[in-house]
Amino acid sequence: MSVTEGKPRQELQQAAPVRSLRVMTLNVHKGFNVFNRRHILPELRDAVTTLSADLVFLQEVHGEHRKHSLRYRDWPGVPQYEYLADSMWPDFAYGRNAVYPDGDHGNALLSHYPIREYENRDVSIHGTERRGLLHCRLAVPGQATVHAICVHLGLRHKHRLQQMRLLCELMDSLPSDEAVIVAGDFNDWRLKADGVLAECGLQEAFANCQGRPAKTFPAHWPLLRLDRIYVRSATCRNPKALYRKPWSHLSDHVPLIAEIGL
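Definitions and limits used
- Residues numbered from 1 in each chain as written.
- Predicted model: local features only at pLDDT ≥ 70, side-chain atom pairs only at ≥ 80, totals over all residues.
- Heavy atoms only, no water.
- Helix = DSSP H or I, 4+ residues; strand = E, 2+ residues; numbered from the N terminus.
- Rg over C-alpha atoms; globule rule 2.2 N^0.38 Å.
- Contact = heavy atoms within 4.5 Å.
- Areas by Shrake-Rupley, 256 points an atom, 1.4 Å probe, with all protein chains shown as cover.
- Lys, Arg positive; Asp, Glu negative; His and termini not counted.
- Charge placed at Lys NZ, Arg CZ, Asp CG, Glu CD.
- Phe/Tyr/Trp six-rings, centres within 6.5 Å; stacked < 30°, edge-to-face > 60°.
- Buried < 20%, exposed > 50% of the residue type's maximum accessible area, 1.4 Å probe, protein only.
- Lys NZ or Arg CZ within 6 Å of the ring centre and 35° of its normal.
- Polar contact = N/O pair within 3.5 Å; in protein donor to acceptor, adjacent residues only side chain to side chain.
- Disulfide = S-S within 2.5 Å.
- 1 Å grid on protein atoms, 1.4 Å probe; cavity = no way out; pocket = protein on both sides within 12 Å on 5 of 7 lines; lining within 4 Å.
- Points joined across faces, edges and corners; volume = space filled by probe spheres on them.
- Nonpolar A, V, L, I, M, F, W, Y, C, P; charged D, E, K, R; others polar.

Considering the overall build of the protein chain
Stage number 1. Along its length, the protein chain carries 7 helices and 12 strands.
Stage number 2. Against the globule reference of 18 Å for 262 residues, the protein chain gives a C-alpha radius of gyration of 17 Å, in line with a compact fold.
Stage number 3. Its C-alpha atoms put the protein chain at 50 × 40 × 35 Å along the principal axes.
Stage number 4. Summarising the internal contacts of the protein chain: among those between residues at least 6 apart in sequence, 71% fall at separations of at least 24.
Stage number 5. Of the roughly 12,100 Å² of accessible surface on the protein chain, a fraction of 48% belongs to carbon and sulfur atoms.
Stage number 6. On the protein chain, the mean spot of the 33 positive side-chain charges and the mean spot of the 29 negative ones are 6 Å from each other.

What follows is the structure in structure tokens.
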């Protein structure tokens, strides 16, 4: 869902052109810290708002969980993505992937700019955990359309390859001159994604600037390079992995941020 209908088209046309976007991606671990010892969603919201990101890509975020809402006194009365959006991000979209008796979880995008359309593409492989590509079309002043795709790929290499090919099929369907930002948890500990996704024009922020994707898992002692920010028809500047407190205690993944030039 999107929380608003977006700004009137005339207002967007009159706004100053936007030449860069500050983006963040984080696997929120369903609102719990490492080993699920503590519910930390209120602390996470406070930390996320300090970054002033234009776009926030979230993975493993709850739409609802009925048992948790009864067990934890500070469990929000709205979906986690709406709670995290608060008053900072007027538009948000949610792609529900996993559904179970107590609730559901999936990917979400929080956006400073209107989300004109969104689609959650099912890229689940038969017999495995449900996965999706949350594709949002954003109305950004001075730009035709900016595409934001929130990703959380599977745990098995063979399944990830199939899901990345489906992502490339989506990329091939988009106008080549429109900016695309793809971010999320790729689970790509074997470091195969950059080569596969380069075939459809995607370039990874940290690989371009620092030679390799950032180490992001586990947060308290990062060893694996699982989380990524990719772009096409755009540029990346100043990518950073947020290793220090409070981030190292707010999820099992390290958040990534970058400036995306349009």
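What to know about the packing of aromatic side chains
Stage number 1. A full pass over the atoms with the stated rule returns 4 aromatic pairs.
Stage number 2. With centroids separated by 5.3 Å and ring planes inclined at 65°, the aromatic side chains of phenylalanine 32 and tyrosine 72 adopt a geometry described as edge-to-face. Taken together, the residues phenylalanine 32 in the loop between strand E1 (20–27) and helix H2 (41–49) and tyrosine 72 in the loop between helix H3 (66–71) and helix H4 (80–85) connect sequence positions 40 residues apart.
Stage number 3. Accessibility expressed as a relative area gives 5% for phenylalanine 32, which makes it buried.
Stage number 4. Three or more aromatic residues joined by ring pairs make a cluster, and in this case those are Tyr81, Phe92 and Tyr94.
Stage number 5. Positioned above the aromatic ring of tyrosine 83, the side-chain terminus of arginine 45 is 3.9 Å from the ring centre.

Observations regarding the side chain of serine 251
Stage number 1. Relative to the assigned elements, serine 251 resides in the loop between strand E11 (235–241) and strand E12 (256–261).
Stage number 2. A distance of 2.5 Å separates a polar atom in the side chain of serine 251 from the backbone oxygen of asparagine 27.
Stage number 3. Looking at serine 251, its side chain comes within polar contact range of the main-chain nitrogen of histidine 253, at 3.2 Å.

Observations regarding the state of the cysteines
Stage number 1. Evaluation of the coordinates by the stated rule reveals 1 disulfide.
Stage number 2. Each disulfide pairs two cysteine sulfurs, and for cysteine 168 the partner residue is cysteine 200, the sulfurs being separated by 2.4 Å. Between cysteine 168 and cysteine 200, the S-S dihedral sits near -60°, and the bridge is therefore left-handed. Here cysteine 200 lies in the loop between helix H6 (193–198) and strand E9 (203–204) and cysteine 168 lies in helix H5 (residues 157–172), a separation of 32 residues in the sequence.

Details of the side chain of serine 124
Stage number 1. With respect to the helices and strands, the residue serine 124 is situated in the loop between strand E5 (115–122) and strand E6 (132–138).
Stage number 2. Side-chain polar atoms of serine 124 contact the backbone nitrogen of arginine 131, separated by 2.8 Å.

Overview of empty space enclosed by the protein
Gaps between atoms show up when a probe of the same size as a water molecule is rolled over them.
Stage number 1. Taken as a whole, this structure holds 1 cavity of 30 Å³ or more when the rule is applied.
Stage number 2. The volume enclosed by the largest cavity comes to roughly 60 Å³.
Stage number 3. If you trace the largest cavity, you find it lined by Glu60, Asn97, His105, Gly106, Asn107, Glu129, Arg130, Arg131 and His152.
Stage number 4. Residues belonging to the lining of the largest cavity are distributed by class as follows: no nonpolar, 5 polar and 4 charged.

Here's the deal with unusual backbone geometry
Stage number 1. The omega angle of the peptide bond from phenylalanine 217 to proline 218 is -10°, so this bond is cis rather than trans.
Stage number 2. Mapped onto the elements, proline 218 comes out in the loop between helix H7 (205–210) and strand E10 (227–232).
Stage number 3. Phi is positive for serine 52, which is not a glycine, with a value near 50°.
Stage number 4. On the accessibility criterion, serine 52 (48% relative accessible area) is partly exposed.
Stage number 5. Phi at asparagine 187 is positive, roughly 50°, even though this residue is not glycine.
Stage number 6. Structurally, asparagine 187 is set in the loop between strand E8 (180–185) and H6.
Stage number 7. The exposure class of asparagine 187 is buried, given its relative accessible area of 8%.

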